[in-house]
Amino acid sequence: MLLALLRRAGQAVLTLFVGAVVVWSLQLVAPGDPARRVLGALGFANPSDDQIAATRHELGVDMPAPQRFLQWLLDAMTGGFGTSWRTGRPVTNELADRLPATLRLAAVALLFALVLAIPLALIAARWRGRAPDLGARAVMFLGAATPSFVVGTVVLELIVLRGGMGRVLADGSWGGAVLPAIPLALGAGAGWARVLRTSLVEVSDASFIQVSQARGATALRRLLVHAVPSALPALLAAIGLTVGSLLAGAAVVETVFTWPGIGRYLIEAIGARDVPVVQATVLLGVLGYVVVSTIVDGVTIAITGKAKR
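Conventions and cut-offs
Residues numbered from 1 in each chain as written. Predicted model: local features only at pLDDT ≥ 70, side-chain atom pairs only at ≥ 80, totals over all residues. Heavy atoms only, no water. Helix = DSSP H or I, 4+ residues; strand = E, 2+ residues; numbered from the N terminus. Contact = heavy atoms within 4.5 Å. Patch = residues over 30% accessible without salt bridge, like charges linked within 9 Å, V, L, I, M, F, W, Y side chains within 5 Å. Areas by Shrake-Rupley, 256 points an atom, 1.4 Å probe, with all protein chains shown as cover. Salt bridge = Lys/Arg side-chain N within 4 Å of Asp/Glu carboxyl O. Axes fitted to C-alpha atoms, helices over the stretch in contact; angles between N-to-C directions. Parallel < 35°, antiparallel > 145°, perpendicular 65-115°, else oblique. Left-handed = near helix turned anticlockwise from the far one by under 90°. Nonpolar A, V, L, I, M, F, W, Y, C, P; charged D, E, K, R; others polar. Buried < 20%, exposed > 50% of the residue type's maximum accessible area, 1.4 Å probe, protein only. Phe/Tyr/Trp six-rings, centres within 6.5 Å; stacked < 30°, edge-to-face > 60°. Lys NZ or Arg CZ within 6 Å of the ring centre and 35° of its normal.

**Q** How should the environment of Val282 be read in this particular structure?
**A** With respect to the element layout, Val282 can be found in helix 14 (residues 275–308). The spacing of Val282 and Gly60 is 222 residues in sequence and 21 Å in space, taken between C-alpha atoms. Excluding its chain neighbours within four sequence positions, the residues that come into contact with Val282 are Val23 and Leu266.

**Q** Would you take a moment to explain a nonpolar patch on the surface for this structure?
**A** Among the surface-exposed residues, Leu14, Phe17, Val18, Val21 and Val22 lie close enough to one another that they form a single nonpolar patch of about 440 Å² accessible area. Inspection of the secondary structure assignment puts Phe17 in helix 1 (residues 2–24).

**Q** I tried to follow the packing of helix 1 against helix 5 (residues 65–77) on my own but got confused; where do I start?
**A** Each packed pair of helices is defined by two parameters, the angle between the axes and the distance between the axes. Here helix 1 crosses helix 5 at 120°, and the two axes come no closer than 11 Å. Taken together, the axis directions place helix 1 and helix 5 in an arrangement best described as oblique. When the axes of helix 1 and helix 5 are compared, the crossing they make is right-handed. Across from Phe17, Ala20, Val21, Val23 and Trp24 in helix 1, the residues of helix 5 making contact are Ala65, Arg68, Phe69, Trp72 and Leu73. Of the residues that constitute the contact of helix 1 with helix 5, the class distribution is 9 nonpolar, no polar and 1 charged.

**Q** Explain the pattern of salt bridges here, please?
**A** It is possible for side chains of opposite charge to pair when their charged atoms get near one another. All told, the structure shown has 6 salt bridges when counted by the stated rule. Of the charged contacts in the structure, one is a salt bridge between Arg89 and Glu94, with a shortest N-O distance of 3.9 Å. By relative accessible area, which is 35% here, Arg89 ends up partly exposed. The closest approach of N and O atoms between Glu268 and Arg264, which form a salt bridge, is 3.5 Å. Placement of both Glu268 and Arg264 in helix 13 (residues 262–272) is noted, with a separation of 4 residues, approximately one turn of the helix. Arg264 sits in the partly exposed class, given a relative accessible area of 27%. In this structure, a network of salt bridges that share partners links the residues Arg89, Glu94 and Asp97.

**Q** Mind showing me how you'd approach the packing of aromatic side chains here?
**A** Each aromatic ring pair is specified by the distance between its two centres and by the angle formed by the two planes. Under the defined criterion, the tally for this structure stands at 3 aromatic pairs. When the centroid spacing of 5.5 Å and the interplanar angle of 70° are considered together, the rings of Trp24 and Phe69 count as edge-to-face. With Trp24 in helix 1 and Phe69 in helix 5, this pair connects stretches of sequence that are 45 residues apart. Pairwise contacts between aromatic rings join Phe17, Trp24, Phe69 and Trp72 into one cluster. Its guanidinium or amino end placed over the ring of Tyr265, Arg98 lies 4.1 Å from that ring's centre, counting from NZ or CZ. Between the NZ or CZ atom of Arg126 and the centre of the ring of Trp127, over which it lies, the distance is 5.0 Å.

Just distances and angles here, no functional claims.
Written out as structure tokens, the structure is:
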């Protein structure tokens, strides 16, 4: 088990490094002069050649590419992502202003997704092949197939605009996260429910379940006490694949609800070709995905290791 954990940690480090290389490479293909963009954001409409040269030196874009990458990587490891080409402010400060709102939205969406996924999967597995199973599976397929921006637009139209509940301009608070979390939770919860149901159905045919049935255990007890613990690794793996995107901020949903988080900030930065912001935001998303996936894999390895013992 220890060897498996070390191997997974090594894979996480390698994934982060490859992601950092890809993210940094955005600088090489970005159009325009970053020095002119930064000076323009600071109010210098017609900067002189000396100002441009000094700014290029300050940004480090006059260094050879390998040296620039190494310097950028070292700065990123210490939380420094340079200066926004659009606002002239440190990217770290702007991310720090928006990260709490994204974390709140992700936490509420995660809670809603679990509340949706677990009952759906239990109902479907308990009455497999019957009407409750068919209904639960229909909800799963509908939730997984409907794009989040469609659900978000419907929620915004029916609940906020027509129903008069909630706010058109979100404020980033816990209460304001309820409505934007719905489209995020629907897709994630539907996917998790399908994975959990499949795992529960497979486990229900295992020999230890049949032994439990022979000993007189009820169908509900067999499901909750024996099948669910064995199906948890599959659910944790599915969560690990999804939570990273929630932590990175669902850009479309945040834009629809004007949520002041990282996802909306990324959309604005892409439109303005603000490369340092795009780099930092994408790298933060990769980091969130890798960290969550590694933790989930570690917990799964620990659970399966204990089960084998």
